[in-house]
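# Commentary on secondary and tertiary structure
The primary structure of each chain is shown beneath.
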Amino acid sequence: MKVYHLYSGGKDSSLAAWILQKLGYEVRLITISFGLLDNWKYAKETADRLGFNHEVVFLDRKILEKAAEMCIRDGHPSNAIQFIHETALEEIASREEVERISDGTRRDDRVPFLDLRKTRSLEDRFNVQYIRPLLGLGYKTIRELTEKLFIVEIRESEKLEKSDYEVELRHLLRLKGIDPLTIFPKRHYQSRVLGWKKQDL
């Protein structure tokens with residue numbers, strides 16, 4: 001039972017991968033890149049330390065360009081991040097060998113997040129199972145589990161070495177002469193898992 005799991009190297013996607021493994025799935029971690037930077041390497045490092053198979057999937061840079069245009073138009077990144085996430089899920093789901101896809105989206109997430117209508121549409125269009133292990137978990141529960149399981153680095157988004165969609169999107173905005181802090185929230189903190197703290201749960 002192989003599942004292809006979108007992976008940034010953060011605590012949410014790492015916890016979801018651990019849960020999937022505990023449920024008996026063969027987990028393959030997938031990190032999305034647009035080839036603008038090599039920040040995917042941070043997710044690969046974390047995947048190696050946690051013992052998961054990992055793959056980098058390169059998407060067309062036009063998708064990132066469209067997301068940047070959405071950021072500029074909206075004055076915030078929400079729709080752009082949602083667009084990239086849905087596109088990434090569809091790209092993985094469209095592979096002939098893929099029967100199950102997953103991500104680390106949580107119960108309390110607003111973006112990225114697929115509602116029931118979009119979830120059913122994704123599953124029906126691509127004939128896949130879309131699995132979200134954290135969907136029933138709140139912030140406190142996730143924090144409790146990740147603190148027991150992982151060594152986690154938490155820093156401001158601009159300073160953290162990470163592999164999520166934001167990094168290349170922020171970089172592209174800079175290339176266009178736009179300060180990402182005029183679009184993204186200031187003093188926003190994110191996480192990166194550095195390795196196991198405790199694996200015998």
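Below is a summary of the structure that appears in this document. (Residues numbered from 1 in each chain as written. Predicted model: local features only at pLDDT ≥ 70, side-chain atom pairs only at ≥ 80, totals over all residues. Heavy atoms only, no water.)

## Observations concerning the layout of surface pockets
- The space that makes up the largest pocket amounts to roughly 1,200 Å³.
- In this structure, the largest pocket is lined by 43 residues; those nearest its centre are Asp12, Pro112, Asp164, His188 and Gln190.
- Listing elements by their share of the lining of the largest pocket, those giving two or more residues are α1 (11–22), β2 (26–33), α4 (78–93), α6 (139–149), β6 (150–156), α7 (165–175) and β7 (189–196).
- A per-element tally of the lining of the largest pocket places α6 first, with four residues.
- Its residues assigned to classes, the lining of the largest pocket comprises 16 nonpolar, 15 polar and 12 charged.
- Considered as a void within the structure, the second largest pocket measures approximately 170 Å³ in volume.
- Lining the second largest pocket are Leu37, Asn39, Tyr42, Ser157, Glu158, Leu160, Glu161, Lys162, Val167, Arg170, His171 and Arg174.
- A per-element tally of the lining of the second largest pocket places α7 first, with four residues. (1 Å grid on protein atoms, 1.4 Å probe; cavity = no way out; pocket = protein on both sides within 12 Å on 5 of 7 lines; lining within 4 Å. Points joined across faces, edges and corners; volume = space filled by probe spheres on them. Helix = DSSP H or I, 4+ residues; strand = E, 2+ residues; numbered from the N terminus. Nonpolar A, V, L, I, M, F, W, Y, C, P; charged D, E, K, R; others polar.)

## What to know about the side chain of Thr105
- Within the secondary structure, Thr105 sits in the loop between β4 (100–102) and α5 (116–126).
- The class for Thr105 is buried, based on a relative accessible area of 4%.
- A polar contact is formed between the side chain of Thr105 and the side chain of Asp103, at a distance of 2.7 Å.
- When residues no more than four places from it in sequence are discounted, the contact partners of Thr105 are His85, Pro112, Phe113, Tyr130, Arg132, Leu134 and Leu135. (Buried < 20%, exposed > 50% of the residue type's maximum accessible area, 1.4 Å probe, protein only. Polar contact = N/O pair within 3.5 Å; in protein donor to acceptor, adjacent residues only side chain to side chain. Contact = heavy atoms within 4.5 Å.)

## Considering the sheet that holds strand β5 (residues 129–131)
- Overall, parallel pairing links the five strands, which are arranged β3-β2-β1-β4-β5 in an open sheet. In this open sheet, the two edge strands, each paired with only one partner strand, are β3 (53–58) and β5. Across this sheet, the average inter-strand angle for adjacent strands is 30°, counted without regard to direction.
- Where β4 and β5 come together, three bridges link them in parallel fashion. Note on β5: the bridge partner recorded for Ser102 is Ile131. (Pairing = 2+ DSSP bridges. Axes fitted to C-alpha atoms, helices over the stretch in contact; angles between N-to-C directions.)

## Some details on the nonpolar core
- Counting 34 residues, the largest nonpolar core has Leu6, Ile32, Ile84, Ile92, Ile101 and Leu169 as its most contacted members.
- Of all the secondary structure elements, the ones that give two or more residues to this core are β1 (2–6), β2, α3 (61–74), α4 and α7.
- Among the elements that take part in this core, α4 stands out by supplying eight residues, more than any other.
- Apart from residues lying up to four places away in sequence, Ile84 is in contact with Phe34, Leu64, Ala67, Tyr165 and Leu169.
- Membership of the second largest hydrophobic core comes to 23 residues, among which are Leu20, Val27, Ala47 and Leu50. (Core = buried A, V, L, I, M, F, W, Y, C linked by side-chain atoms within 4.5 Å.)

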